[in-house]
Amino acid sequence: MKAIVIREFGGPDVLELRDVPEPECGPEDLLVAVRAAALNRADLLQRMGLYPAPAPKPAFDVPGLEYAGEVVRAGSRVVGFKPGDRVMGILGSGGYAERIVTHHRLAVRIPDALSWQEAAAVPEAFITAHDALVQCDLVAGESVLVHAVGSGVGIAAVQVASVMGATPILGTASGADKLARARELGLEIGVDYRTEDFVAATKTATGGRGADVIVDFIAAAYLDRNLQSLATSGRMIVIGLLGGLAAELNLATLLAKRATIRGTLLRSRSLEEKAAATRAFEKSVVPHLASGRIRAVVDSVYTLDRVADAHRYMESNANFGKIVLEI
């Protein structure tokens, strides 16, 4: 089968289209013919050697954390799936390939309304966003600040927060266009982080209280301002590290606000933990995808042999929504 292999660590040109062996399907696995896969920031880090695939080390280093495709074979102990079923899900790695193997408990049926490309844009972003908001114990009527609302997880977090009844929902992005498009998906107050102060905007929108929940991708560069933006008993969850790994934390403010700061990763979790997050997403989010209340947002589609161009485009930070590989 064809797959994208990381030849060596480096820039986009180290990604090579190669023939590799088809993965073996175990008794609890599904062998899936991949129709589309989506890019994630983690793929760029894996390509550069900064975010290796989970152990055991694979024979070929193939990136890709999510897929959409058709079941080719179901293992002897699989319940609930059969050849021909349209499925999507998260992976530890390996999604940039014609075929993948996944444990059946990590697979979700694709709603009929979604195309292959739309389905590929869903799993990593929406499972991450839903899981993060659940970890923060978000309840209806609470305020939420989402950073990077033009990203896949940012777009997902805005929509999931909206169906959970959060208000107001604030978000940061670079430029009026991204913010305007996010408003169509449930964002109530947009902040252009290049020209506006999100701390002041959050305080104004919440009558001085601050945000009950902050979903953050920036980490170090935003830590102090995020803490200023939190309400008393507010909860912040860190999903990404785009703004650096280390920063000074004002513990006096943390104590005074009785605030909570959490971190989260999907990739390093056990099968049980990933399956639980997948089933929660299937129950709470997939019905809204089926009805159209929540939308999968695809920015652009590339063929597998143009994966290097897709990576360069993601590095430019110009996309709104997911960048998808058509396989």
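What counts as what
Residues numbered from 1 in each chain as written. Predicted model: local features only at pLDDT ≥ 70, side-chain atom pairs only at ≥ 80, totals over all residues. Heavy atoms only, no water. Helix = DSSP H or I, 4+ residues; strand = E, 2+ residues; numbered from the N terminus. Buried < 20%, exposed > 50% of the residue type's maximum accessible area, 1.4 Å probe, protein only. Polar contact = N/O pair within 3.5 Å; in protein donor to acceptor, adjacent residues only side chain to side chain. Contact = heavy atoms within 4.5 Å. Pairing = 2+ DSSP bridges. Right-handed = clockwise from strand over helix to strand, strands pointing away. 1 Å grid on protein atoms, 1.4 Å probe; cavity = no way out; pocket = protein on both sides within 12 Å on 5 of 7 lines; lining within 4 Å. Points joined across faces, edges and corners; volume = space filled by probe spheres on them. Nonpolar A, V, L, I, M, F, W, Y, C, P; charged D, E, K, R; others polar. Core = buried A, V, L, I, M, F, W, Y, C linked by side-chain atoms within 4.5 Å.

Novice: It is not clear to me how the side chain of N40 should be interpreted in this structure. Could you clarify?
Specialist: The residue N40 is located in the loop between β3 (29-38) and α1 (41-47) in this model. The buried category is assigned to N40, whose relative accessible area is 10%. In terms of polar contacts, N40 uses its side chain to reach the side chain of K322, at 2.9 Å. Not counting the four nearest positions on each side in its chain, N40 is found in contact with L65, E66, E124, M314 and K322.

Novice: Which parts of the structure should I look at to understand the pairing of strand β10 (residues 189-192)?
Specialist: Consecutive side chains of a regular strand alternate in pointing toward one face of the sheet and then the other. Sheet analysis places strand β9 (residues 169-173) next to β10, joined by four bridges and oriented parallel. Residue pairing in the sheet places T172 in a bridge with V191 of β10. A crossover connection joins β9 to the parallel β10 through helix α5 (residues 176-183); in handedness this β-α-β unit is right-handed.

Novice: For this particular structure, what's the right way to read the pairing of strand β15 (residues 322-326)?
Specialist: For β15, the tally of buried residues reaches four of five residues, placing the bulk of the element in the interior. Here three bridges tie β3 to β15, and the two strands are oriented antiparallel to one another. Each bridged residue has a counterpart across the sheet, and for A38 the counterpart in β15 is V324. Running through helix α11 (residues 307-315), the crossover from strand β14 (residues 298-303) to the neighbouring parallel element β15 is right-handed.

Novice: Could you clarify how one ought to interpret the layout of surface pockets in this entry?
Specialist: It is the rolling of a water-molecule-sized probe over the atoms that shows where space remains empty. Of the voids in this model, the largest pocket is the one considered here, and its volume is about 1,100 Å³. Taken together, 43 residues form the lining of the largest pocket, with R41, F217, I239, G240 and L242 sitting closest to its centre. Elements supplying a minimum of two residues to the lining of the largest pocket: α1, α3 (123-135), α4 (152-163), β9 and β15. The greatest single-element share of the lining of the largest pocket, amounting to four residues, is contributed by α1. Partitioned by chemical class, the residues of the lining of the largest pocket number 23 nonpolar, 13 polar and seven charged. Quantified by volume, the second largest pocket comes out at close to 800 Å³. Split into classes, the residues belonging to the lining of the second largest pocket amount to 20 nonpolar, five polar and four charged.

Novice: Could you clarify how one ought to interpret the side chain of R47 in this entry?
Specialist: Structurally, R47 is set in helix α1. Here R47 falls in the buried class, since its relative accessible area comes to 1%.

Novice: Honestly, the nonpolar core in this entry has me stumped. Any pointers?
Specialist: In a soluble, globular protein the nonpolar side chains are often hidden away together inside. Membership of the largest hydrophobic core comes to 70 residues, with the highest contact counts inside it found for M88, V122, F126, V146, V149, V215 and F281. Top contributing element to this core by residue count: α4, with seven residues. L304, V307, M314 and L325 belong to the second largest nonpolar core, which has 19 residues in total.

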